[in-house]
Amino acid sequence: DQQVKQNSPSLSVQEGRISILNCDYTNSMFDYFLWYKKYPAEGPTFLISISSIKDKNEDGRFTVFLNKSAKHLSLHIVPSQPGDSAVYFCAASADFGNEKLTFGTGTRLTIIP
Amino acid sequence: NAGVTQTPKFQVLKTGQSMTLQCAQDMNHEYMSWYRQDPGMGLRLIHYSVGAGITDQGEVPNGYNVSRSTTEDFPLRLLSAAPSQTSVYFCASRALTEAFFGQGTRLTVV
């Protein structure tokens, strides 16, 4: 039972345009969400997070939106750059600081120059 | 500025062999965890620890043991390797808001 779902295995976006990565979750106990970026042969690196008390969090080119009623979050990257090509994982936890992160299956983003 | 260090980076085991994957962090984080990444499955939690002397099971703990004798180290032991344990293993240590991952260990069991 996949509690965190990323239904798009891959996404291609032109350089300079907006990339939108989506994530859905089923567990209503999740209240803290994170996005990680992963390059080949490296560990995931933290990108941005959002608590359920917010519906938007912004950090430079990266913005995460949370729709609690739809149990949906999205990551927007504007403008997209070639270095953004990577696999993106969303993750969720119940309680801020809870050790147990549940990850989605990942979306491979390719930025086309 | 090492962060989370995993050794080895690559390992090939025969079915039935045992081995220990090492993980060390120098950030004084209380929380540490082990994940495995398989194609189409994302990262799945194997075991985690909330401090020295305290460990607990994650989503896929069978076939693995852990211990946490110090804050810095969190080794993962494969008791009797099976082909189903072929995977990429990541260790992570967590501050309050985010987890920092090691570079991973690619394990093949033949």
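See above for the structure.
Residues numbered from 1 in each chain as written. Chains lettered and ligands numbered in written order. Predicted model: local features only at pLDDT ≥ 70, side-chain atom pairs only at ≥ 80, totals over all residues. Heavy atoms only, no water.

## Side note on the overall build of chain B
Scanning chain B for helices and strands turns up zero helices and 11 strands. Element order for chain B, N to C, with α for helix and β for strand: β-β-β-β-β-β-β-β-β-β-β. In summary, chain B has a C-alpha radius of gyration of 13 Å against a globular reference of 13 Å for 110 residues, a match within 12%. Based on the C-alpha atoms only, the size of chain B along its principal axes is roughly 35 × 25 × 25 Å. The buried share of chain B, taken over its 110 residues, is 49%. Here chain B contributes 8 positive and 8 negative side-chain charges, whose respective centroids are spaced 11 Å apart. (Helix = DSSP H or I, 4+ residues; strand = E, 2+ residues; numbered from the N terminus. Rg over C-alpha atoms; globule rule 2.2 N^0.38 Å. Buried < 20%, exposed > 50% of the residue type's maximum accessible area, 1.4 Å probe, protein only. Lys, Arg positive; Asp, Glu negative; His and termini not counted. Charge placed at Lys NZ, Arg CZ, Asp CG, Glu CD.)

## As for the packing of aromatic side chains
Tallied over the entire structure, the rule returns 11 aromatic pairs over all chains. Note on F103 of chain A and Y35 of chain B: the rings are 5.3 Å apart at their centroids and 85 degrees apart in plane angle, and the pair reads as edge-to-face. Note that F103 of chain A is positioned in strand 10 (residues 102-103) and Y35 of chain B in strand 4 (residues 31-38), a pairing that runs across two chains. Relative accessible area serves as the criterion here: at 3%, F103 of chain A is assigned to the buried category. Where Y64 of chain B meets Y89 of chain B, the ring centres are 5.9 Å apart and the plane angle is 65 degrees; that geometry is what we call edge-to-face. Here Y89 of chain B lies in strand 9 (residues 87-94) and Y64 of chain B lies in strand 7 (residues 64-66), a separation of 25 residues in the sequence. (Phe/Tyr/Trp six-rings, centres within 6.5 Å; stacked < 30°, edge-to-face > 60°.)

## Focus: a nonpolar patch on the surface
Residue and element names in this part refer to chain A. A cluster of nonpolar side chains, I18, I20 and V78, forms an exposed patch at the surface whose accessible area comes to about 220 Å². Considering the arrangement of structural elements, one finds I20 in strand 3 (residues 19-25). For I20, a relative accessible area of 37% translates into the label partly exposed. (Patch = residues over 30% accessible without salt bridge, like charges linked within 9 Å, V, L, I, M, F, W, Y side chains within 5 Å. Areas by Shrake-Rupley, 256 points an atom, 1.4 Å probe, with all protein chains shown as cover. Salt bridge = Lys/Arg side-chain N within 4 Å of Asp/Glu carboxyl O.)

## Some details on the environment of T26 of chain A
Residue and element names in this part refer to chain A. Relative to the helices and strands, T26 resides in the loop between strand 3 and strand 4 (32-38). Its relative accessible area of 43% is what places T26 among the partly exposed residues. Once the C-alpha coordinates of T26 and D1 are considered, the two residues, 25 residues apart in sequence, prove to be 9.6 Å apart. Sequence-distant contacts of T26, that is, excluding residues within four places in its chain, are made with Q2, Q3, K5 and K71. (Contact = heavy atoms within 4.5 Å.)

## Some remarks on the environment of Q25 of chain B
Residue and element names in this part refer to chain B. Position of Q25 relative to the elements: it lies in strand 3 (residues 19-25). On a C-alpha basis, the gap between Q25 and A99 in space is 12 Å, while along the polypeptide they are 74 residues apart. With near-sequence residues (within four places) excluded, Q25 lies in contact with G3, V4, M32, R68, T71, E72 and S93. A polar contact of 3.1 Å, which involves the side chain of Q25, links it to the backbone oxygen of T71. (Polar contact = N/O pair within 3.5 Å; in protein donor to acceptor, adjacent residues only side chain to side chain.)

## Some words on the sheet that holds strand 3 of chain B
Residue and element names in this part refer to chain B. Spatially, the four strands line up as an open sheet ordered 1-3-8-7, and their pairing is antiparallel. Only two strands of the sheet have a single neighbouring strand rather than two, namely strand 1 (4-7) and strand 7. Along the sheet, successive strands turn relative to each other by an average axial angle of 20 degrees, direction set aside. Both strand 7 and strand 8 (residues 76-78) contribute to a ladder of three bridges, which runs antiparallel. When the bridges of strand 8 are listed, Y64 appears paired with L78. (Pairing = 2+ DSSP bridges. Axes fitted to C-alpha atoms, helices over the stretch in contact; angles between N-to-C directions.)

## Topic: the interface of chain A and chain B
Every contact between the two is made by 20 residues of chain A and, on the other side, 21 residues of chain B. The interface formed by chain A and chain B holds zero salt bridges in total. Connecting chain A to chain B are one residue pair in polar contact (both at pLDDT 80 or more). Elements represented by at least two residues in the side of chain A that touches chain B include exactly strand 4 and strand 9 (86-93) of chain A.

## Description of unusual backbone geometry
Between V78 of chain A and the following residue, P79 of chain A, the backbone shows a cis peptide bond with an omega angle of -10 degrees. Here the residue pair T7 of chain B and P8 of chain B is connected by a cis peptide bond, since its omega of -5 degrees sits within 30 degrees of zero. The backbone of K71 of chain A sits at a positive phi, close to 55 degrees, despite the residue not being glycine. Within the fold, K71 of chain A resides in the loop between strand 7 (62-67) and strand 8 (72-77). For N28 of chain B, which is not glycine, the phi dihedral falls at a positive 60 degrees. The topology assignment puts N28 of chain B in the loop between strand 3 and strand 4.

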